[in-house]
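Architecture and fold: a report
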Amino acid sequence: LMRKLMRHEPADRITAAEALCHPYFDGIAEECPVIARHLPRSMPPPPRFLELSLPHAWAPGQNFLARQPEVNQRMWAILWDWLSVVSHKFKFVPRSLQLACDFMRRYLGVVDVA
């Protein structure tokens, strides 16, 4: 369940509603009356408008650095760290850092950097 929730690619990550349908939460309502008030025994499927659909052209995949002969994981970590420092220095909202890193991943997944 945690691996599914922590996936880096948004298209691969499960939603909170799907997580609550996991068998891990079966029987928890009987053990704790407080949770029983807030956690239904069975969850309906999530609404269609909550589904995230990304075209394959925008999904670089997990191994986007394999395409880059001149860029390694250490260089990517330095770039990520620099982006986080800039984000903190200029007081950007956290979503800006996430979008910047996602943009760089997509770019490196499509364009060869020499």
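The residue count restarts for each chain, going from 1 along the sequence in the order it is written. This being a predicted model, a pLDDT of at least 70 is required before a residue's local features are given, and a value of 80 or more before pairs of side-chain atoms are given or counted; all residues contribute to the totals for chains, interfaces and linings. Hydrogen atoms and water are omitted, and side-chain values are computed over all heavy atoms in the structure.

1. A closer look at the packing of aromatic side chains
Where two aromatic rings form a pair, the distance of their centres and the angle of their planes describe that pair. Stacked, tilted and edge-to-face are the three classes applied to pairs of Phe, Tyr and Trp rings, where Trp contributes its six-membered ring and a pair requires centres within 6.5 Å; stacked means planes under 30 degrees apart, edge-to-face means over 60, and tilted covers the rest. Enumeration according to the criterion identifies three aromatic pairs in this entry. Measuring from centroid to centroid gives 5.8 Å for tryptophan 76 and tryptophan 80, while their planes differ by 70 degrees, and the two rings are edge-to-face. One end of the pair, tryptophan 76, and the other, tryptophan 80, are both in helix 5 (residues 73-89), four residues apart, so they sit about a helical turn from each other. For tryptophan 76, a relative accessible area of 13% translates into the label buried. Judged by centre distance (6.1 Å) and plane angle (25 degrees), the ring pair of phenylalanine 90 and phenylalanine 92 falls under stacked. Burial here depends on accessible area, computed with a 1.4 Å probe over protein chains only, as a share of the maximum for the residue type. Under 20% is buried, over 50% is exposed, and the range in between is partly exposed. A relative accessible area of 54% places phenylalanine 90 in the exposed class. Strands are runs of DSSP state E lasting at least 2 residues, helices are runs of H or I lasting at least 4, and numbering of each runs from the N terminus.

2. Thoughts on the packing of helix 5 against helix 6 (residues 94-110)
To obtain an axis, a line is fitted to C-alpha atoms, over the contacting stretch when the element is a helix, and the angle between two such axes runs from 0 to 180 degrees between their N-to-C directions. Between helix 5 and helix 6, whose axes approach to 10 Å, the crossing angle comes to 150 degrees. Between helix 5 and helix 6, the angle falls in the class roughly antiparallel. Crossing hand, helix 5 versus helix 6: right-handed. Contacts between helix 5 and helix 6 involve Trp76, Leu79, Trp80, Leu83, Ser84 and Ser87 from the first element and Leu97, Ala100, Cys101, Met104, Arg105 and Leu108 from the second. Should an angle lie under 35 degrees it is considered roughly parallel, over 145 roughly antiparallel, and from 65 to 115 roughly perpendicular; all remaining angles are considered oblique. Left-handed is the label given to a crossing in which the near helix is rotated counterclockwise from the far helix by less than a right angle, and right-handed is the label when the rotation is clockwise. The contact criterion used is simple: two residues touch if any of their non-hydrogen atoms lie within 4.5 Å.

3. Focus on the side chain of glutamine 68
Here glutamine 68 is to be found in the loop between helix 4 (33-38) and helix 5. Residue class for glutamine 68 comes out buried when judged on its relative accessible area of 3%. Pairs of N or O atoms within 3.5 Å make up the polar contacts considered here, provided that, within protein, one atom can donate a hydrogen while the other can accept it, and that residues adjacent in sequence are counted only when both atoms are side-chain atoms. For glutamine 68, the side chain forms a polar contact with the main-chain oxygen of leucine 108, separated by 2.5 Å. Once you skip the residues sitting within four places of it in the chain, glutamine 68 turns out to touch Leu108, Val111, Asp112 and Val113.

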